[in-house]
Amino acid sequence: MTGMWIAIGIAVVLVIAIIAIYNAIINRANAVERAWANVITQERQKNKIIPHLEDVVKDYKEFEQGTLTKVTELRSALQGLDSGKVDTAKLEQAEAKTGELLKSLNVTVENYPELKASETYQKLMREITDQQENIGAAIRIFNQNVEDFNNGIEVFPNSLVNAMLNRKEKIKTFSDSQAEEGFEYKPNI
Amino acid sequence: MLYYKNNKALISLLKNIKRQVSLSRSRQELDAVISELKSFSGSYQLNTKAYWITFTVVLLATGLLSYWDWSQRQHFQQSTWIIIAAGGALTLLSCITAYYPHHLMAKVSHALLQRDGLLDNNLTPVTFNGKATARQFQQRFSEFHRGNYSREIQELFKGSYQGDEYSFEYYYYHFHYVDERIVTETYTDSNGRVRTRTRREYDHYDRYGLILPFGLLRNFAVIGFSLPGAGKATYKPASNRFNKVFKVVAASEIEAAKAMKPTVVVAFEELSNVLSKVNFEVNDAADLCLSFADKDLIATPNKVKISEFEAFIEALEGEQEFEKLKAALSHVHYVMTKLDSNF
């Protein structure tokens, strides 16, 4: 009789442990999705800046043509992003287009000292820098959550529970040195 | 009387320096103290070899004499106790005589470096009443609603910070509070009956922090350590790492989401690697209280002593940096710049 109670006790503990592990994996997967959605939200903030950028460069014919092409490419890359599906390749593409646009802006603006000195342009650049920092930070948070999730499905006995019940696959972290450079905050010590 | 020649002069100088350092408030006053130290004509090295030899000899003599006296009758007699008492007193005296100059040297060296470090970091001591100031702070911030027995501010310094975009004045404080609790215990009395009795126990705690005008938020808190009376957290940023350490309390979820931009979230994650048990509380007057458990924010990092004179003067003449204080202030400045960007 005692043996039966011990067996029941062990079975109950086992079931509770499995439920806890199952739920923890789900929580971590949700945290990754949320962090990804956050990255995409930050990326899409660029759509707010683009019209201001177009306004600023519209009086500079030569400048406008080159920049507008890059702006269109960036818009298209931003449209391809899906906050519901983790796709680091598309994010990489959007970040590359942002990089190209900023590079083009920095090179071309040298020919227009009055534009470079204008308050609107400087404010715009500050805003772009701030946004790039937020994207960099959001990517860092995403990568941290991905690491938590991957650890959560790979360590034992979580790997067993995942293989039998959750069936989640390992997620790749996003690595883009340019995007990471955008986030400038460094602790002092 | 116990010291002579150079040791005597050096001890007298150290005592004088100690008194003057405690009175110095400005760079000029501290420089005058350092000049006096530099003008000492003797050696900065203490020679306590003779005192240590005396200590060893007295200790050995006491041991040997006591043993000899005991061995006469194979038990402790009155004379043995007299030898032990007299020898013990002499041993203690010689030990204190040998140790005291080194202790004084370490204390004065630390006091000088500490005062210099405070001045290097633009920190000046503020005259205050510990209990009254704690009461004032308690009216402004939930952080000070701690300690059911007593609350007191034990240190208060005023400083200023010059950042790229903002500059502000701040107060650094050391808050000490005591919790009283009643402990019930059972014991057996002389009649063998089990009885209970109660006694009061006092637990002492310390918190440290910075208070400054923040201006960019109101009624907002990022809580890494219990904050008495703080509301319930309704907003959670996306970061697992942040959520493990902190919770966010704001007037509304939208306000919390607006403030907790990814850069701000990561900055708090970084801050939690530098400081422990952090609370970031902005009150309804938009003043910030950044509190933590770390006591070494304004502690001099130098351990060099006056006896290593050249290195000591070099440390005084260089700029001492309070790294943790700098990290806390740059965090506040960084959060200010991130919250102030409105396009």
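**Quick notes on the interface of chain A and chain B**
It is common to give the size of an interface as the accessible area lost on bringing the parts into contact.
Right, so step 1: At the interface, 25 residues of chain A touch 28 residues of chain B.
Right, so step 2: Overall, the association of chain A and chain B removes approximately 2,400 Å² of surface from exposure, summing both partners, and the carbon and sulfur fraction of that is 55%.
Right, so step 3: Put simply, chain A and chain B have 4 salt bridges between them.
Right, so step 4: Two residues, glutamate 133 of chain A and lysine 338 of chain B, come together in a salt bridge whose shortest N-O distance is 3.1 Å.
Right, so step 5: There are 11 residue pairs in polar contact (both at pLDDT 80 or more) connecting chain A and chain B.
Right, so step 6: Elements that contribute at least two residues to the side of chain A that touches chain B include exactly α1 (2–44) and α6 (119–154) of chain A.

**As for the side chain of serine 94 of chain B**
Right, so step 1: Position of serine 94 of chain B relative to the elements: it lies in helix α4 (residues 78–120).
Right, so step 2: In contact with serine 94 of chain B, other than residues within four places in its own chain, are Tyr51, Thr54 and Phe55 of chain B.

**Focus on the packing of α6 of chain A against helix α7 (residues 158–166) of chain A**
All names here are of chain A.
Right, so step 1: The contact between α6 and α7 brings their axes to 5 Å, and the two run at 85°. The pairing of α6 with α7 is recorded here as roughly perpendicular in orientation. Along the contact surface, α6 presents Gly152, Ile153 and Glu154, while α7 presents Asn158, Ser159 and Asn162.
Right, so step 2: Classifying every residue of the contact of α6 with α7 gives 1 nonpolar, 4 polar and 1 charged.

**Considering the sheet that holds strand β4 (residues 194–213) of chain B**
Residues and elements named next belong to chain B.
Right, so step 1: Spatially, 8 strands are ordered β1-β2-β3-β4-β8-β7-β5-β6 in an open sheet, and the strand pairing comes out antiparallel. Only two strands of the sheet have a single neighbouring strand rather than two, namely β1 (124–125) and β6 (247–249).
Right, so step 2: Where strand β7 (residues 279–282) lies against strand β8 (residues 287–292), 4 bridges are found, and the strand directions are antiparallel. Residue pairing for β8: asparagine 279 is matched across the bridge by serine 291.

**Here's the deal with a nonpolar patch on the surface**
Right, so step 1: Side chains of Leu14, Ile18, Tyr22, Phe156, Leu160, Met164 and Leu165 of chain A sit close together on the surface and give an oily, nonpolar patch of about 710 Å² of accessible area.
Right, so step 2: We classify isoleucine 18 of chain A as partly exposed; its relative accessible area is 31%.

**What to know about the pattern of salt bridges**
Right, so step 1: Tallying each qualifying case throughout the model produces 27 salt bridges over all chains.
Right, so step 2: Between glutamate 147 of chain A and arginine 241 of chain B there is a salt bridge, with its nearest N and O atoms 3.9 Å apart. Linking glutamate 147 of chain A in helix α6 with arginine 241 of chain B in helix α6 (residues 240–245), this pair reaches from one chain into another.
Right, so step 3: Here glutamate 143 of chain B and arginine 146 of chain B are joined by a salt bridge, their closest N and O atoms 2.9 Å apart. Arginine 146 of chain B shares its class with glutamate 143 of chain B; the two are buried.
Right, so step 4: The structure contains a network of salt bridges with shared partners spanning Arg181, Glu185, Arg197, Arg199, Glu201 and Asp203 of chain B.

**Here's the deal with α7 of chain A**
Residues and elements named next belong to chain A.
Right, so step 1: Looking at α7, one finds that the buried residues are Asn158, Val161, Asn162 and Asn166. All buried residues of α7 fall inside an arc of 100° around its axis, so they share one side. Opposite the packed face of α7, turned more than 90 degrees from it, sit the exposed residues Ala163 and Met164.
Right, so step 2: Where the residues of α7 are buried, they touch α1 and α6.

**Let's talk about the confidence of the model for chain A**
Residues and elements named next belong to chain A.
Right, so step 1: Summarising the model, chain A shows a mean pLDDT of 82, and 90% of its residues fall at 70 or more.
Right, so step 2: For chain A, helix α8 (residues 177–182) is the element with the lowest average pLDDT, namely 54, and α1 is the one with the highest, namely 91.
Right, so step 3: Note on residues 184–189: pLDDT under 50 across the span, and 13 contacts to partners over four residues away in sequence or across chains.

**Re the environment of glutamate 152 of chain B**
All names here are of chain B.
Right, so step 1: If you trace the backbone, glutamate 152 turns up in strand β2 (residues 150–162).
Right, so step 2: On the accessibility criterion, glutamate 152 (29% relative accessible area) is partly exposed.
Right, so step 3: For the pair glutamate 152 and alanine 132, spaced 20 residues apart in the sequence, the C-alpha separation amounts to 7.9 Å.

**Examining the nonpolar core**
Right, so step 1: Of all hydrophobic cores here, the largest spans 89 residues; its most connected members are Leu210, Phe214, Phe220, Met260, Phe268 and Phe280 of chain B.
Right, so step 2: No other element matches the 13 residues that α6 of chain A contributes to this core.
Right, so step 3: With residues up to four places along the chain from it excluded, the contact list for phenylalanine 280 of chain B reads Phe214, Phe220, Ala221, Val222, Phe268, Leu288, Cys289, Leu290, His331 and Val335 of chain B.
Right, so step 4: Counting residues in hydrophobic clusters, the runner-up holds 26 residues, among them Ile17, Val21, Tyr44 and Met105 of chain B.

**Brief notes about the side chain of serine 66 of chain B**
Right, so step 1: Topologically, serine 66 of chain B is positioned in helix α3 (residues 49–73).
Right, so step 2: Filtering out sequence-adjacent residues up to four positions away, serine 66 of chain B remains in contact with Thr80, Ile83 and Ile84 of chain B.

**What to know about the pairing of β4 of chain B**
Residues and elements named next belong to chain B.
Right, so step 1: Bridge count between strand β3 (residues 167–188) and β4: 18 bridges; the pairing is antiparallel. In the sheet register, valine 183 faces β4, and the bridge partner there is arginine 199.
Right, so step 2: Hairpin remark: β3 followed by β4, antiparallel, with 5 residues in the connecting loop; positive phi at glycine 192, about 85°.
Right, so step 3: The pairing of β4 with β8 spans 6 bridges and is classified as antiparallel. If you follow tyrosine 208 over to β8, its bridge partner there is phenylalanine 292.

**Looking at the packing of aromatic side chains**
Residues and elements named next belong to chain B.
Right, so step 1: For the structure shown, the criterion picks out 20 aromatic pairs over all chains.
Right, so step 2: Taking 3.8 Å as the distance between ring centres and 5° as the angle between the ring planes, the aromatic pair formed by tyrosine 44 and phenylalanine 309 counts as stacked. Pair noted here: tyrosine 44 is in the loop between α2 (27–38) and α3 and phenylalanine 309 is in helix α9 (residues 309–317), with a separation of 265 residues, a long-range link. The pair tyrosine 44 / phenylalanine 309 is uniform in exposure class, with both members buried.
Right, so step 3: Between phenylalanine 242 and phenylalanine 246, the aromatic rings sit 5.1 Å apart at their centres with planes inclined by 35°, giving tilted as the arrangement.
Right, so step 4: Owing to a relative accessible area of 1%, phenylalanine 242 belongs among the buried residues under this scheme.
Right, so step 5: Counting every residue linked through ring pairs, the aromatic cluster contains Phe137, Phe141, Phe144, Tyr173, Phe175, Tyr177 and Tyr205.
Right, so step 6: Over the aromatic face of tyrosine 187 sits the side chain of arginine 197, whose NZ or CZ is 4.2 Å from the ring centroid.

Criteria and thresholds
Residues numbered from 1 in each chain as written. Chains lettered and ligands numbered in written order. Predicted model: local features only at pLDDT ≥ 70, side-chain atom pairs only at ≥ 80, totals over all residues. Heavy atoms only, no water. Contact = heavy atoms within 4.5 Å. Buried area = accessible area lost by both parts, 1.4 Å probe. Salt bridge = Lys/Arg side-chain N within 4 Å of Asp/Glu carboxyl O. Polar contact = N/O pair within 3.5 Å; in protein donor to acceptor, adjacent residues only side chain to side chain. Helix = DSSP H or I, 4+ residues; strand = E, 2+ residues; numbered from the N terminus. Axes fitted to C-alpha atoms, helices over the stretch in contact; angles between N-to-C directions. Parallel < 35°, antiparallel > 145°, perpendicular 65-115°, else oblique. Nonpolar A, V, L, I, M, F, W, Y, C, P; charged D, E, K, R; others polar. Pairing = 2+ DSSP bridges. Patch = residues over 30% accessible without salt bridge, like charges linked within 9 Å, V, L, I, M, F, W, Y side chains within 5 Å. Areas by Shrake-Rupley, 256 points an atom, 1.4 Å probe, with all protein chains shown as cover. Buried < 20%, exposed > 50% of the residue type's maximum accessible area, 1.4 Å probe, protein only. Arc of directions from axis to C-beta. pLDDT = per-residue confidence, 0-100. Core = buried A, V, L, I, M, F, W, Y, C linked by side-chain atoms within 4.5 Å. Phe/Tyr/Trp six-rings, centres within 6.5 Å; stacked < 30°, edge-to-face > 60°. Lys NZ or Arg CZ within 6 Å of the ring centre and 35° of its normal.

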